[in-house]
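Observations on chain architecture
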Amino acid sequence: KAFFAEWELSVTLHSFTPILSKKIGSGIIWDGQPRGVEIAEWIKQNTNEPIAFVILDDSDDMDSLMPHLILTDGWYGLTDEDATRAVAMLNEQS
């Protein structure tokens, strides 16, 4: 919420992935888990059955969830092409 407040945006967060990484010492170094591991944990905690999903992210550290990734450009964000691919991917899974 603090991040959004800095930009004077009012948002309601309904859910977010767990942070499974641990900070090492007092520095800025993290013993990180791949982002895909955190997403998989969220799915495990929040769903009771197999679900159709896509991951829209500008990082490709998705571990076993790579087949669900639409890799976006960190500079441009979500493009029309990305959205079209995401819809097609969801339709293939259902």
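Above this note sits the structure.
Report follows, based on the coordinates. (Residues numbered from 1 in each chain as written. Predicted model: local features only at pLDDT ≥ 70, side-chain atom pairs only at ≥ 80, totals over all residues. Heavy atoms only, no water.)

This brings us to unusual backbone geometry. The backbone phi angle of aspartate 63 is positive, close to 55°, even though this residue is not glycine. Judged by its relative accessible area of 48%, aspartate 63 falls in the partly exposed class. (Buried < 20%, exposed > 50% of the residue type's maximum accessible area, 1.4 Å probe, protein only.)

Now for a nonpolar patch on the surface. Taken together, Phe3, Trp7, Leu9, Val11, Leu13 and Phe16 make up a surface patch of nonpolar side chains, about 690 Å² in accessible area. Note on leucine 13: relative accessible area 41%, which makes it partly exposed. (Patch = residues over 30% accessible without salt bridge, like charges linked within 9 Å, V, L, I, M, F, W, Y side chains within 5 Å. Areas by Shrake-Rupley, 256 points an atom, 1.4 Å probe, with all protein chains shown as cover. Salt bridge = Lys/Arg side-chain N within 4 Å of Asp/Glu carboxyl O.)

For helix α3 (residues 80-93), spanning 14 residues, the distance from its first C-alpha to its last is 20 Å, which sits close to the expected 20 Å at 1.5 Å a residue. Three or more residues of α3 are buried, namely Asp82, Ala86 and Met89. Down the axis of α3, the buried side of the element spans an arc of 65°, and every buried residue falls inside it. In α3, the exposed positions angled more than 90 degrees off the buried face are occupied by Asp80, Glu81, Thr84 and Asn91. (Helix = DSSP H or I, 4+ residues; strand = E, 2+ residues; numbered from the N terminus. Expected span 1.5 Å × (residues − 1). Arc of directions from axis to C-beta.)

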